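Observations on chain architecture
The primary structure of each chain is shown beneath.
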Amino acid sequence: MVLVLVVNCGSSSLKYQLFDMRDETILAKGLAERVSVAGGRDAVLTHQPAATPELRVEAPMADHSVAVALVLDALTHPVHGVVESLAQIGAVGHRVVHGGEAFARSVLITPEVLQAIERCAELAPLHNPANLMGIRAAQRHLPHVPHVAVFDTAFHQTMPRRAWLYGLPYELYEKYGIRRYGFHGTSHLYVSQIAGEFLESRGIPRQEQKIITCHLGNGCSMAAVLAGQSIDTSMGFTPLEGLLMGTRCGDLDPAIIPFLMERLGMTTDEVEEYTNRKAGLLGVSGVSSDMRDISAAAAAGNDRAVAAIELFCYRVRKYIGAYAAAMGGVHAVVFTAGIGENNPEVRRRCVEGLEFLGIKIDPERNQATPKGEPAVDISAPDATAHVLVIPTNEELLIARDTAAIVSQSHTPCA
Ligand code: ADP
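What comes next concerns the included structure. Computed from a prediction, not measured in an experiment: that's the story for all the values here.

Thresholds, definitions, all that
- Residues numbered from 1 in each chain as written.
- Predicted model: local features only at pLDDT ≥ 70, side-chain atom pairs only at ≥ 80, totals over all residues.
- Heavy atoms only, no water.
- Core = buried A, V, L, I, M, F, W, Y, C linked by side-chain atoms within 4.5 Å.
- Buried < 20%, exposed > 50% of the residue type's maximum accessible area, 1.4 Å probe, protein only.
- Helix = DSSP H or I, 4+ residues; strand = E, 2+ residues; numbered from the N terminus.
- Contact = heavy atoms within 4.5 Å.
- Pairing = 2+ DSSP bridges.
- Axes fitted to C-alpha atoms, helices over the stretch in contact; angles between N-to-C directions.
- Salt bridge = Lys/Arg side-chain N within 4 Å of Asp/Glu carboxyl O.

A separate point is the nonpolar core. Nonpolar side chains tend toward joint burial in soluble globular proteins. The biggest cluster of nonpolar side chains holds 44 residues, and the ones touching the most others in it are Ile212, Leu216, Met222, Phe312, Val316, Ile320 and Ile359. Taken together, the elements giving at least two residues each to this core come down to strand E9 (210-216), strand E10 (220-226), helix H10 (291-299), helix H11 (303-327), strand E12 (332-336), helix H13 (344-350) and strand E14 (386-389). Per-element tally for this core: the top contributor is H11, with eleven residues. In this structure, Leu216 is in contact with Leu243, Phe312, Val316, Phe335, Thr336, Ala337, Gly338, Ile339 and Gly340, ignoring residues within four places of it in sequence. Val150, Leu199, Ile204 and Ala403 belong to the second-largest nonpolar core, a separate cluster that totals 30 residues.

Our focus in this paragraph is the pairing of strand E4 (residues 44-49). With respect to burial, E4 is a largely interior element, five of its six residues being buried. Bridge count for strand E3 (residues 25-33) against E4 is six bridges, and the pairing is antiparallel. Across the sheet, the residue bridging to Ala32 is Leu45, located in E4. As paired elements, E4 and strand E5 (residues 55-58) share four bridges and run antiparallel to each other.

Sheets are built from strands paired through backbone hydrogen bonds, the pairs being either parallel or antiparallel. Within the open sheet, the six strands sit side by side as E11-E10-E9-E12-E14-E13. Their pairing is mixed. The open sheet has two free edges, formed respectively by strand E11 (229-233) and strand E13 (376-377), since each of these has just one partner strand. Here five bridges tie E9 to E12, and the two strands are oriented parallel to one another. If you follow Cys214 over to E12, its bridge partner there is Phe335. Running over the sheet, helix H6 (residues 185-201) touches E9, E10, E11, E12, E13 and E14 and is turned about 140° from E9.

On to the pattern of salt bridges. Opposite charge on two side chains allows them to pair when their charged atoms are near. In the structure shown here, the tally under the stated rule is 15 salt bridges. Two residues, Asp232 and Arg180, come together in a salt bridge whose shortest N-O distance is 3.3 Å. Residue Asp232 is found in strand E11, and its partner Arg180 is found in the loop between helix H5 (170-176) and H6; the two are separated by 52 residues along the sequence. One salt bridge in this structure joins Arg348 and Glu352, with 2.9 Å as the shortest N-O distance. The class of Arg348 is partly exposed, set by a relative accessible area of 34%. Taking the relative accessible area as the measure of exposure, Glu352 reaches 37% and is therefore partly exposed.

See below:
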């Protein structure tokens, strides 16, 4: 199986990449936007083949099935297409946000797996139903091809109980599954694998490795990765917990929620909207959810923008300290995603004052952004821990898992 299509469905969007697994190159990628049950009349598909010009298709997309059909048309388009026939696509890998406790790794999608993902939808009501629509639509159009589910939560299923249990009555976990799950698992796994290879080349065997991964994008989370396994992560029952994010508040005293509801008369929907979409960098700065705008505003003297950056970096720093304590040390801190890969000033501030942990960056190396390299070491020569910038690639990990699972399931029994 050579070509793997990776599909990532949101409630109104569908992102895709087609990989040639012989050399892991991307043949084409694209995005269908504004898919809507209301008719999706302003929907648009942007298809970007690697070797020919972009194709833009404006067509109504009332559901994900229409979007998938348009994507498959684009992939086989006489001018902008990259395959002659859909029969060349060997497998489809789907990103699924929540696998609950049912999935600790990626799996071949069977009717039972679909049912289990449906059960997890209660835990991720915004995401899993969209992921399911994408799976069903892709299965409808590519029925003879194996489909694989890759979960955002799976990597964190190795967390010990002390890391995933909340200090709530235990029956809330037993009855309703209220516990910490963690997200961004594909990204934390991908970059920690590369960091692990880097450390191995420096003589630190995998079973001893202590890695802290910082995924700093629009959504932000961190993970403590001990001997290749996630033992703690900053997101919890939902992606709201932990770091300050583009529009999410992160860690919060839970007593603030009833206060908002009682004193300000907010409904649960309003509280949800406030904490998920109006808080974080946007809410604190009042400027934007994008770190570039906030940095510009801070440079121009906007004190709320200054406060947002301070809060953002301070939380990352606190979590680095916490995870170093959880693992009894740290060999590498990894920065990834939009902010982690591209913002040297934020990286500098996140590790400021952590020399006592052996963490110290080289100011010149810190200006580098990795282009084409798997990992850039920005630590100072006298540091004992490495600080690495590693571009994340969740789609590639999904494609690799998909290829691996499909080839295993095709291995004849001895
Ligand atoms: P998402 O989580 O939606 O995939 P990203 O990983 O792209 O988003 O992260 C978005 C954040 O990354 C924004 O705050 C933005 O300022 C920052 N960012 C993205 N690209 C760059 C860049 N080239 N230079 C500086 N900052 C960037």
